[in-house]
Amino acid sequence: MREKYMAIWEGVNEFACVAETQSFTLAAERLGVSVVKVSRKVATLEAALSVKLLHRTTRKVSLTDAGKLYYQNCKPLIEGLEQAELAVTDMQQQAKGLIRVTAPTTYGERFIGPIINDFLLLHPQLDVELILTNRQLDLIDQNMDVAIRLGQLNDSSMIAKRLSSRQLYVCAHPEYITKHGEPHTLSELNQHQCLAGTLSHWRFNENGKARTIQIKGRLSCNSGQVLYDSAIKGLGLVQLPGYYVQQALEQGKLVEVLRRYRESTEGIWALYPHNRQLSYKVKLFIEFLESNIDRY
């Protein structure tokens, strides 16, 4: 009986990776093996179970009904084995292996990337894969260890560790103020060119209460650096974190407006899945982030 279950277990990990990525190629990359090996392992598993788990075409891979049921039942077992492996590894307190991290593009380039480089210098047995994107990746589906998120959080399925904070400023070039006037109330924003980021509204604090104001303008862009350049060139008002505009404000290249409506500081967070035991290497990484994030 033991031999039977050992035979059925062969290929389960490969099957789960294919199920999660919907691709033999991506599964092979995640596991660090060849596509041929993944395909052979999955075929062995299907033969042992005497059931077809995957639909295969030249364009895509999808789960059969039996495959969906099998994946739902074997996924907790795989996670249990991962937890057991982490527990044993953590006993040794060794910082080694791969950490997969995702962060917003510009913030990641300016702040997270340099911190990771310093971290790697201290830990030669660790590898880091940093994925910079303004899309909020699904940590479990994408097999990510840590996500860096900015501002307000809306993902309750993750554990969040506050690393630091940031302040948002609404500002404009002095020439824009001279030409178009300075807004003094939130209702005046609809009379101005407002340079929009990923959201079509800005956040404020009015008499101790949070307010969001819909904005409009000639430019919208998901890059804070582009919005900063637009404001410097006098194209409109912009709401950006201090790490984009602080120096320009100090030098008089930008002028803050609506200061009395400035929102309270918001968080910079490290997120990780709640259903995973935090490995020693990831704990070490998050602690390093927290200690160094304000140095840059």
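Residues numbered from 1 in each chain as written. Predicted model: local features only at pLDDT ≥ 70, side-chain atom pairs only at ≥ 80, totals over all residues. Heavy atoms only, no water.

Structural notes on the sheet that holds strand β5 (residues 146-150)
Paired through their backbone hydrogen bonds, the strands of a sheet run either parallel or antiparallel. The criterion, for reference: Strand pairing requires that DSSP identify at least two bridges connecting the strands. In DSSP terms, a helix is any run of H or I states spanning at least four residues, a strand is any run of E spanning at least two, and both are numbered starting from the N terminus. A fitted line through C-alpha atoms represents every axis, and for helices the fit uses only the stretch in contact; the resulting angles, taken between N-to-C directions, go from 0 to 180 degrees.
Strand order across the open sheet formed by five strands is β4-β3-β5-β13-β6, with mixed pairing between neighbours. The two strands at the open ends of the sheet, each matched to only one other strand, are β4 (126-132) and β6 (158-166). Strand-to-strand twist in this sheet, taken as the mean axis angle between neighbours without regard to direction, amounts to 20 degrees. As paired elements, strand β3 (residues 97-103) and β4 share seven bridges and run parallel to each other.

Observations concerning the confidence of the model for the protein chain
Formally: Scored between 0 and 100, pLDDT is the confidence that the predictor attaches to each residue.
On average, residues of the protein chain score 86 in pLDDT, and 91% of them are at 70 or above. For the protein chain, helix α1 (residues 2-9) is the element with the lowest average pLDDT, namely 49, and strand β12 (residues 255-256) is the one with the highest, namely 97.

Overview of helix α10 (residues 280-292)
Worth spelling out the cut-off: A helix's residues, less one, multiplied by 1.5 Å, set its expected span. Whether two residues touch is decided by their heavy atoms; if any such pair falls within 4.5 Å, the residues are in contact.
Over its 13 residues, α10 runs 18 Å from end to end, which matches the ideal 18 Å to within 8%, given 1.5 Å per residue. Buried residues belonging to α10 abut β3, α6 (105-122), β4, β5, β6 and β13 (266-273).

Considerations on the environment of Asp141
By secondary structure assignment, the location of Asp141 is in the loop between β4 and β5. C-alpha of Asp141 to C-alpha of Arg218: the two residues are 77 residues apart in sequence and 37 Å apart in space.

Quick look at the packing of helix α2 (residues 12-21) against helix α4 (residues 35-49)
The cut-off we apply is this: Reported orientations rely on four angle classes, namely roughly parallel under 35 degrees, roughly antiparallel over 145, roughly perpendicular from 65 to 115, and oblique for the rest. Crossings are sorted by hand: turned counterclockwise from the far helix by less than a right angle, the near helix makes the crossing left-handed, and turned clockwise it makes it right-handed. Three residue categories are used. Nonpolar comprises Ala, Val, Leu, Ile, Met, Phe, Trp, Tyr, Cys and Pro, charged comprises Asp, Glu, Lys and Arg, and polar comprises the others, including Gly.
At their nearest, the axes of α2 and α4 sit 8 Å apart, and the two run at 110 degrees to each other. By the angle between their directions, the pair α2 and α4 is classed as roughly perpendicular. The way α2 lies across α4 gives a crossing that is left-handed. Residue-level contacts link Val12, Glu14, Phe15 and Val18 of α2 to Val38, Lys41, Val42 and Leu45 of α4. Grouping the constituent residues of the contact of α2 with α4 by class yields six nonpolar, no polar and two charged.

Regarding the environment of Cys221
Take Cys221: it is sitting in the loop between β10 (209-214) and α8 (224-232). For the pair Cys221 and Ala196, spaced 25 residues apart in sequence, the C-alpha to C-alpha distance is 6.4 Å. Filtering out sequence-adjacent residues up to four positions away, Cys221 remains in contact with Ala196, Gly197, Thr198, Val226 and Leu227.

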